[in-house]
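Survey of secondary and tertiary structure
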Amino acid sequence: MATTSNTKRAKPIRAAITGVHGYLPPDLLTNAELARMVDTSDAWITERTGIKERHILKGKGLGSSHMAAEAVRGLLEKTGTLLKDIDLLICATTTPDLVFPSTANLICDMVGVRNIGSFDVQAACSGFLYALTIATQFIENGTARKVVVVGADKMSSIIDYTDRATCVLFGDGAGAVLLEPSANGHGIHDTLIRSDGAGMVHLHQKAGGSRMPPTAETVAKRLHYVHQEGAAVYKFAVARMAEISQELMLRNKLNPKTIDWLVPHQANRRIIEATAERMGLPMERVMMTIQKFGNTTAATIPLCLWDYESRLKEGDKLVLAAFGGGFTWAGAYVTWAYGG
Ligand code: ACO
């Protein structure tokens, strides 16, 4: 049926981040301690990565869900969100508690949410932005009004603490955001997700999946740990993070002067600096937590937002960018919906 001229079109719904919270386990692993475990030094780690310390989850039987549940409980309390009002919970993780059920299912049980949709997203260090992209669709199409997106990783569970090239990089943590329909026009304007499976050879965990289930031999050969060819991953990370940020800038008519914050995945300070330089952004407008948290995989971006929350103003323009195993990479253009 043809629409009459006075028919009002409903305004499109925009998803907005309306709260953020994080959790870091209390135990710290410093560079000095790592230098006692493997052949490395505080000077090498600081110069090559920017990391000084990272948090490690200790305690028998505690997995990524423990940290995620802490972050989600804090988020719900802070935003005054009732359990009954949550429509969906998505967890981005590469270190699920179990092969199944999903960590998202476990988190819901731990925080006391029942009968909602919940599932995991696995895109390594890009996982949070993948999950945010999915959550945005649910808000925009009107099928959900309150979605929790949590990035949580217990990387210490898959790190070989005899391999100096990887063990210095990673930490444990979780960060969660609440997504709701925007009340003021600010929120998530654009997202991009990308992958290239040919990158698998450079960054993966060899055993533990269906291709090579765990056996005494896979354990003896230390195949359940992160295998990373650092230099190859580094090159791709710089190129793809800059590329996706520049694509977002072009699509949304942004320039270095109009961007208030770059929120990059925290894998290496040098990757972050190179990305900012290619975008033409000064480092004062780049969020950086790597020195104190290390690389917490799917948690780095929400932990950055949490750490800088008090400095964010309503309307601030943020470009979020991540790169990780897969290879995967992703970006988002967000205007911040509330004052710090
Ligand atoms: N202490 C001292 N020396 C070290 C250490 C260490 N901890 N680690 C490596 N080295 C040595 C190497 O053995 C090598 O020695 P050699 O020249 O005698 O062979 C030398 O340092 C240089 O090694 P590179 O690997 O070339 O060092 P690089 O400068 O590239 O830094 C790093 C290594 C930090 C891993 C860097 O390559 C990097 O950050 N890569 C990208 C990581 C990333 O972005 N990962 C993606 C996200 S993670 C995810 O998705 C799960």
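Reading the values: rules and limits
Residues numbered from 1 in each chain as written. Predicted model: local features only at pLDDT ≥ 70, side-chain atom pairs only at ≥ 80, totals over all residues. Heavy atoms only, no water. Pairing = 2+ DSSP bridges. Helix = DSSP H or I, 4+ residues; strand = E, 2+ residues; numbered from the N terminus. Axes fitted to C-alpha atoms, helices over the stretch in contact; angles between N-to-C directions. Near = heavy atom within 4 Å. Polar contact = N/O pair within 3.5 Å; in protein donor to acceptor, adjacent residues only side chain to side chain. Areas by Shrake-Rupley, 256 points an atom, 1.4 Å probe, with all protein chains shown as cover. Left-handed = near helix turned anticlockwise from the far one by under 90°. Contact = heavy atoms within 4.5 Å. Buried < 20%, exposed > 50% of the residue type's maximum accessible area, 1.4 Å probe, protein only. Arc of directions from axis to C-beta.

**Considering the sheet that holds strand β4 (residues 88-92)**
Spatially, the five strands line up as an open sheet ordered β1-β7-β6-β4-β5, and their pairing is mixed. Strand pairing shows two members of the sheet lacking a second neighbour, β1 (15-23) and β5 (117-121), which therefore form its edges. When the angles between neighbouring strand axes are averaged without regard to direction, this sheet yields 20 degrees. Alignment of β4 against strand β6 (residues 147-154), held across five bridges, turns out to be parallel. From the neighbouring strand, Cys91 faces β6, where its bridge partner is Val150.

**Things to note about the site of the ligand**
The immediate surroundings of the ligand are formed by 27 residues, with Thr40, Arg48, Cys125, Asn268 and Gly325 found nearest. Within the contact set of the ligand, a nitrogen atom lies 3.4 Å away from a side-chain nitrogen or oxygen of Trp44. At 2.6 Å from an oxygen atom of the ligand is found a side-chain nitrogen or oxygen belonging to Arg48. For the ligand, the protein covers 73% of the area, taking 1000 Å² as the surface of the free molecule. Elements with a minimum of two residues in the shell around the ligand: α2 (42-49), α6 (164-167), α8 (230-251), α9 (269-279) and β12 (317-324).

**Section: the sheet that holds strand β8 (residues 188-195)**
Taken in spatial order, the four strands of this open sheet run β8-β13-β12-β11, and their pairing is mixed. Edge strands, defined here as strands with exactly one partner in the open sheet, are β8 and β11 (261-264). Within the sheet, the average angular offset between the axes of one strand and its neighbour, ignoring direction, is 10 degrees. Of the strand pairs in this sheet, β12 and strand β13 (residues 328-335) are connected by eight bridges, and their pairing is antiparallel. By the bridge assignment, Ala322 is partnered in β13 with Ala330.

**Some details on the packing of α8 against α9**
Viewed as axis vectors pointing N to C, α8 and α9 meet at an angle of 35 degrees, and their least axial separation amounts to 9 Å. The handedness of the crossing between α8 and α9 is right-handed. Across the interface between the two elements, Tyr234, Ala237, Val238, Ala239, Met241, Ala242, Ser245, Gln246 and Met249 of α8 pack against Arg270, Ile271, Ala274, Thr275, Arg278 and Met279 of α9.

**Some details on helix α4 (residues 103-111)**
The complete set of buried residues in α4 reads Thr103, Ala104, Ile107, Cys108 and Val111. When α4 is viewed along its axis, its buried side chains cluster within an angular range of 140 degrees and face the same direction. Tucked into the core, α4 has its buried residues touching α3 (64-79), β4, β5 and β6. Where α4 terminates, the next one or two residues include Gly112, which has phi positive at roughly 95 degrees.

**Points about unusual backbone geometry**
In this model, Phe100 is joined to Pro101 through a cis peptide bond whose omega is 0 degrees. Among the secondary structure elements, Pro101 is positioned in the loop between β4 and α4. Even without being a glycine, Ala124 presents a positive backbone phi close to 50 degrees. Of note, Ala124 is situated in the loop between β5 and α5 (127-140). Even without being glycine, Lys253 reaches a positive phi, approximately 50 degrees. With respect to the secondary-structure elements, Lys253 resides in the loop between α8 and β11. Taking the relative accessible area as the measure of exposure, Lys253 reaches 74% and is therefore exposed.

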